[in-house]
Amino acid sequence: MRELRQSDFEPKEKFWTRFPPEGSKFTPPHQSMDFRWKDYCPMVFRHLRELFAIDPADYMLAICGDDALRELSSPGKSGSFFYLTQDDRFMIKTVKKSEVKVLIRMLPSYYQHVCQYKNTLVTKFFGVHCVKPVGGQKTRFIVMGNLFCSEYRIHRRFDLKGSSYGRITDKPEEEIDETTTLKDLDLDFVFRLDRSWFQELIRQIDRDCEFLEAERIMDYSLLIGLHFRDDYSGDEMKMGPHLRNHSTPSRSGGEVFDVVLYFGIIDILQDYDISKKLEHAYKSLQVDPSSISAVDPKLYSKRFRDFIRRIFREDKR
Ligand code: ATP
């Protein structure tokens, strides 16, 4: 592994490898059809994986080994598909060409940001690749950290943007369970954190949002997973030291719960392009413009941060 050079970040830094079924000098034999595999800015991602303490062999085996990937049942609105590796550590998301472009464009500042702030909440990207069967379509995908990789069971999950229009689950109450991703208007908790946690969280959210705003990114979410401590079995208490663990009481109505929180900022590959500007203009005719998710990155970041300050509180008890 050598030092990174500026040229490693260039968009033309992409390399195709052919995978013939019979195998080659560099590739193993396999049972699917002939395909080609592309790595984007491989040297940069090699450094990122090292920074995020991902063992190269673990990564290779999780993504390309014999174990099948698990497809998640509900792909997001964007039409992306999501897969988890068997070990639960890596999440694969299929993305559009425009999203790959955004990621490669922001890669130098992303790299700088994650090196500078080891507690950053922005998605940890481990790789960007593309596969193309001979004569078939290209499928582009990113590999990122699964925020909910934990010995603890996640009882509730929320995807929060700070906007209100359409930000409610469409599931009837009796169908809501641990796998449902709830949204802003479903949230009836306030998260109370110890003073130092609270201050560090707000500081880091501000830094992360400044970075996203400078990159003209919007439409991102704070993904939160909750583990209610009152509902654990002995086994679930084994927790690795690498996990983000915020043990906090939180409140709903009068009720107070002791919970473990997992969170991070996801879906950071949407820039404020013409389609988002049109979405904003169109929806503004129908509803209050400030309630729409699609707004200018500066406004988006301000609204997002204000929202975080409303749902997280310093625990003064
Ligand atoms: P939409 O267009 O509806 O916002 P999308 O297709 O762009 O969605 P994301 O917002 O990236 O997709 O993710 C959809 C859901 O997948 C999230 O709400 C979350 O439940 C899950 N998810 C995404 N990224 C992660 C991650 N890194 N770790 C764990 N879960 C994730």
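Presented here is an overview of the structure given in this document. Treat the numbers as computed from the prediction; the structure is a model and nothing was measured.

**Thoughts on unusual backbone geometry**
- With a phi close to 40°, cysteine 41 is a non-glycine residue in the positive phi region.
- Counting through the fold element by element, cysteine 41 comes out in the loop between strand S2 (35-40) and helix H1 (42-51).
- Since its relative accessible area comes to 1%, cysteine 41 is described here as buried.

**Points about the side chain of glutamine 270**
- Checked against the element boundaries, glutamine 270 lands in the loop between strand S13 (255-266) and helix H5 (274-284).
- Apart from the residues lying within four places of it in its own chain, the contact partners of glutamine 270 are Arg216, Ile217, Met218, Asp219 and Lys276.

**Digging into helix H4 (residues 195-214)**
- Here H4 contains 20 residues, and its C-alpha end-to-end distance of 29 Å stays within 8% of the 28 Å for a straight helix at 1.5 Å per residue.
- Contacts made by the buried residues of H4 are with helix H3 (97-116), strand S10 (190-193), strand S11 (221-228), S13, helix H6 (297-311) and strand S14 (312-314).
- Phi for arginine 216, located one or two positions after H4, is positive at around 60°.

**A word on the nonpolar core**
- Among the nonpolar cores identified, the biggest contains 76 residues, and Leu107, Tyr110, Ile224 and Phe312 are the most heavily contacted of them.
- A total of nine residues in this core trace back to one element, the largest contributor, which is H3.
- Looking at this core, you find at least three residues from each of domain 1 (6-145) and domain 2 (156-314).
- With near-sequence residues (within four places) excluded, phenylalanine 312 lies in contact with Phe191, Leu193, Phe198, Leu201, Leu222, Ile224 and Leu261.
- The next biggest cluster of nonpolar side chains, apart from the first, holds six residues, and it includes Phe148, Ile154, Leu223 and Tyr262.

Calculation rules
- The numbering scheme is per chain: residues are counted from 1 as the chain's sequence reads.
- Since the coordinates come from a predicted model, pLDDT governs what is reported: local features require at least 70, and pairs of side-chain atoms require 80 or more to be given and counted, while whole-chain, interface and lining totals use all residues.
- Water and hydrogen atoms were dropped before computing side-chain values, which therefore reflect all heavy atoms in the structure.
- Each helix is a run of DSSP H or I of at least 4 residues and each strand a run of E of at least 2, with the numbering of both proceeding from the N terminus.
- Per-residue accessibility, obtained with a 1.4 Å probe over protein chains only, is compared with the maximum for each type, and a residue is labelled buried under 20%, exposed over 50%, and partly exposed between these values.
- Residue contacts are counted whenever heavy atoms from the two residues lie within 4.5 Å of one another.
- Multiply 1.5 Å by the residue count of a helix minus one, and that product is the helix's expected span.
- Working definition of a nonpolar core: buried Ala, Val, Leu, Ile, Met, Phe, Trp, Tyr and Cys residues. They are joined through side-chain atoms within 4.5 Å.
- Domain start and end points were adopted from an automatic or database domain assignment.

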